[in-house]
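Understanding the architecture of this molecule
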Amino acid sequence: MKSRREIKNIKNRPLPIVQNIQVMKNKNSPYKPILFCTWFVVFVLAISPNIFGQSFMEYAQSGKRKYEKQDYKGAVADYDQAIKLSPQVAELYYRRGLAKYYLKDFQGAVVDYTQSISLNPNNPDAYFDRAYTKYNYLNDYEGALADYTQVIAQNPGYATAYNNRGLTKTNLKDYQGAIADYNLALQLQPDFPIALSNRGLAKYELKDYQGALDDLNAAFQGEKYNNAWAMNYRGLAKFQIGKTAEALQDFEKAAALDSTYGLYRYNIAYMKNELGDKQSACAEWQTALNLGYQDAQKKITEVCGGVLAASNYLYVRDEANMLSESEKQLLENKLKQYDDSTSTQIAIVIQTSLNGQNMESYTVQLAQTLGIGQKGKDNGLLIFVSKDDRKIRIEVGYGLEGVITDLESKYLIENYLTPYFKQQQFHKGFDQTIDAIIKLLSGEFKPDDIRQGKGTGTGWAGFWNTLWNILIILFAGGFILIVIIGIFSGGRGSGGGGTYSSSGSSWSSSSSSSWSSSSSSSSSWSSGGSSSFGGGSFGGGGASGSW
């Protein structure tokens with residue numbers, strides 16, 4: 001229990017900050033150099049990132065964060081800096097390779113995976129991702145085969161690696177070897193419908209049609225697996241053993257799962273013609289041709305007597321009859337003229353319904369299948385409308401994403417398409433949107449809310465915000481340290497010694513890739529069907545809306 005005198009002495013004692021101001025004023029105080037050094041250290045720590053630059057760890061962590069936010073260009077830039085500071089870290093090359101993959105720099109991704117493997121040959125993920133990239137995008141099947149073999153050597157219990165190596169062997173026409181790999185995959189993972197369907201495809205190529213049908217039936221058992229390509233193969237197997245009507249049903253199911261691929265429509269037409277329904281067959285071949293499957297033109301000429309021809313419309317495809325013929329022609333002429341003058345291709349696709357499909361996934365696949373834009377430039381844009389669902393989507397090609405961002409796509413939908421569609425002025429909505437897109441691409445127009453640059457933190461505003469933050473750090477840090485020194489210099493009571501512990505940040509990756517192809521539905525081969533567009537590519541940039 002403190003006496004009154006002790007309590008009075010405590011109350012009269014100056015606060016630490018006041019006491020230290022007095023210390024600073026006292027020229028003979030031994031604590032004055034300590035306080036000065038404290039303020040100097042706080043100042044240097046506050047501005048050290050600007051003076052000394054970021055560390056390897058900071059760049060690596062920043063790259064990881066940007067990668068997770070799908071800012072792949074920013075991630076590559078940060079990993080570039082981290083690699084300059086620490087060029088012997090295998091994980092940096094691997095992570096940069098993943099980011100390059102999503103930027104469609106497949107060759108660059110393979111180079112980085114290779115460098116990562118040279119520094120750390122015991123990373124099966126790097127081998128796996130290198131194999132996946134070689135197989136799917138570089139057509140290097142021999143290289144993919146060697147890499148999948150290395151993955152299996154390091155991780156013999158990895159069922160997906162056996163499945164993918166089987167696909168690679170199928171492309172190399174080693175069907176027996178492929179079946180052996182699928183068998184191993186199924187031993188490790190019996191409930192693996194992709195391996196079952198792929199084994200069925202390999203058996204089909206060996207003309208074991210009943211064996212193929214058995215595997216494909218097992219893959220689809222329980223409705224766990226819905227893959228258009230495998231459904232198409234099951235139809236082919238059924239046709240080969242004389243089940244034409246059942247084959248037709250499978251082709252129709254395949255077309256329902258993926259209505260963008262003309263091959264399925266072609267097969268439907270073939271079955272209908274076999275069953276004697278020539279008129280319906282010709283209509284299906286026409287649809288296949290409109291979807292870009294050029295083999296259908298031969299059938300139209302041979303079977304349908306050349307009565308049908310390719311659609312008059314390339315840029316405007318209105319299956320739901322939302323536009324009149326004259327309106328379609330006006331839009332077609334405008335888009336063709338823009339294509340001829342700039343090589344940038346804008347397409348309009350109007351469908352009756354999405355049939356329950358996810359619009360974002362569907363439209364990126366549709367745009368990719370049609371190949372809107374020029375190959376290499378990827379300067380295509382799709383305006384998609386589902387009439388009965390009352391949904392809209394603008395899908396932007398890779399080459400235009402820097403100009404027409406997701407935000408601007410949303411602006412176009414909300415300020416042009418949706419208002420006119422609500423008034424049933426569909427042609428005007430499309431026409432005004434196309435005009436705005438053309439102005440955006442020419443730099444003539446920027447949406448007002450984007451042009452204002454809200455939240456950009458650039459210019460003088462950004463400078464003063466940064467300065468203010470530094471001052472706050474200096475004040476807070478200095479205040480705390482002064483209080484601490486004041487406590488030590490109080491001359492009374494007991495003082496506890498403190499310890500400073502640096503936990504040290506660590507940066508590590510998980511042992512598995514941040515993406516997996518285990519659910520891949522890729523087939524052992526693909527068709528050569530093409531559209532009349534330029535072969536542009538899409539990656540999911542754009543926005544969705546409704547009316």
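My aim in this report is to walk through the structure given alongside it, one point at a time. Everything numeric in this text was worked out from a predicted model, so none of it was measured. (Residues numbered from 1 in each chain as written. Predicted model: local features only at pLDDT ≥ 70, side-chain atom pairs only at ≥ 80, totals over all residues. Heavy atoms only, no water.)

What about the overall build of the protein chain?
Condition: Here a strand is any run of E in DSSP of at least two residues, a helix any run of H or I of at least four, and the numbering for each starts at the N terminus. Exposure classes here rest on a 1.4 Å probe applied to the protein chains alone. A residue is buried below 20% of its type maximum, exposed above 50%, and partly exposed in between. We call two residues in contact whenever any of their non-hydrogen atoms come within 4.5 Å of each other. Shrake-Rupley sampling with a 1.4 Å probe provides the accessible areas, and residues are treated as covered by the protein chains on show and by no other component.
Along the backbone of the protein chain there are 24 helices and 5 strands. Taking all 547 residues of the protein chain together, 46% fall into the buried category. Taking contacts inside the protein chain between residues at least 6 apart in sequence as the whole, the part at least 24 apart equals 62%. For the protein chain, the accessible surface area stands at approximately 28,300 Å², while carbon and sulfur atoms represent 51% of it.

What about the state of the cysteines?
For the record, the criterion: Cysteine sulfur pairs qualify as disulfides if the two atoms are within 2.5 Å.
Using the criterion set out here, one finds 1 disulfide in the structure. Paired by a disulfide, Cys-282 and Cys-304 hold their sulfur atoms 1.9 Å apart. Between Cys-282 and Cys-304, the disulfide has an S-S torsion of -110 degrees and is therefore left-handed. Separated by 22 residues along the polypeptide, Cys-282 in helix 17 (residues 278-290) and Cys-304 in the loop between helix 18 (295-302) and strand 1 (316-318) bring together distant segments of the chain. For the pair Cys-282 and Cys-304, one class covers both residues: buried.

Considerations on the pattern of salt bridges
Note the cut-off: Definition used for salt bridges: Asp or Glu carboxyl oxygen within 4 Å of a side-chain nitrogen of Lys or Arg.
Counted by the stated rule, this structure contains 21 salt bridges. A salt bridge links Lys-334 to Asp-435; the shortest N-O distance between them is 2.9 Å. Highlighted residues: Lys-334 in helix 19 (residues 325-342) and Asp-435 in helix 22 (residues 426-442), separated in sequence by 101 residues. A residue is classified by how much of its surface remains accessible, and Lys-334, at 23% relative accessible area, is partly exposed. Sharing partners across several salt bridges, the network here consists of Asp-80, Arg-96, Lys-100 and Asp-112.

As for the nonpolar core
For clarity, the cut-off: What is meant by a nonpolar core is a set of buried Ala, Val, Leu, Ile, Met, Phe, Trp, Tyr and Cys residues, joined one to another through side-chain atoms within 4.5 Å.
One finds Phe-192, Tyr-204, Trp-229, Tyr-233, Tyr-264 and Trp-285 to be the most contacted residues of the largest nonpolar core, which totals 81 residues. Considering each element in turn, this core owes the most residues, 7 residues, to helix 14 (residues 228-240). Excluding its chain neighbours within four sequence positions, the residues that come into contact with Tyr-264 are Ala-228, Trp-229, Asn-232, Phe-251, Ala-254, Ala-255 and Asp-258. If you look at the next biggest cluster of nonpolar residues, it comprises 47 residues, including Ala-347, Val-385, Leu-412 and Phe-538.

Observations concerning the packing of helix 6 (residues 90-102) against helix 8 (residues 124-137)
Between two packed helices, both the angle of their axes relative to each other and the distance between the axes serve to describe the pair. We count it as follows: For helices, the fitted axis covers only the stretch in contact; all axes are lines through C-alpha atoms, and the angles between them, taken along N-to-C directions, range from 0 to 180 degrees. In these notes the angle categories are as follows: under 35 degrees is roughly parallel, over 145 is roughly antiparallel, 65 to 115 is roughly perpendicular, and the rest is oblique. Whether a crossing is left-handed or right-handed is set by the direction in which the near helix is turned from the far one by less than a right angle, anticlockwise for left-handed and clockwise for right-handed. Note on residue classes: Ala, Val, Leu, Ile, Met, Phe, Trp, Tyr, Cys and Pro are nonpolar, Asp, Glu, Lys and Arg are charged, and everything else, Gly too, is polar.
Interhelical geometry of helix 6 versus helix 8 gives an angle of 25 degrees and a closest axis separation of 11 Å. Taken as axis vectors, helix 6 and helix 8 run roughly parallel relative to one another. Crossing of helix 6 over helix 8 shows left-handed handedness. For the pair helix 6 and helix 8, contact is made by Tyr-94, Leu-98 and Tyr-101 and by Asp-125, Ala-126, Asp-129, Tyr-132, Thr-133 and Tyr-137, respectively. Looking at side-chain class alone, the contact of helix 6 with helix 8 contains 6 nonpolar, 1 polar and 2 charged residues.

Any link to function would need more than the numbers given here.
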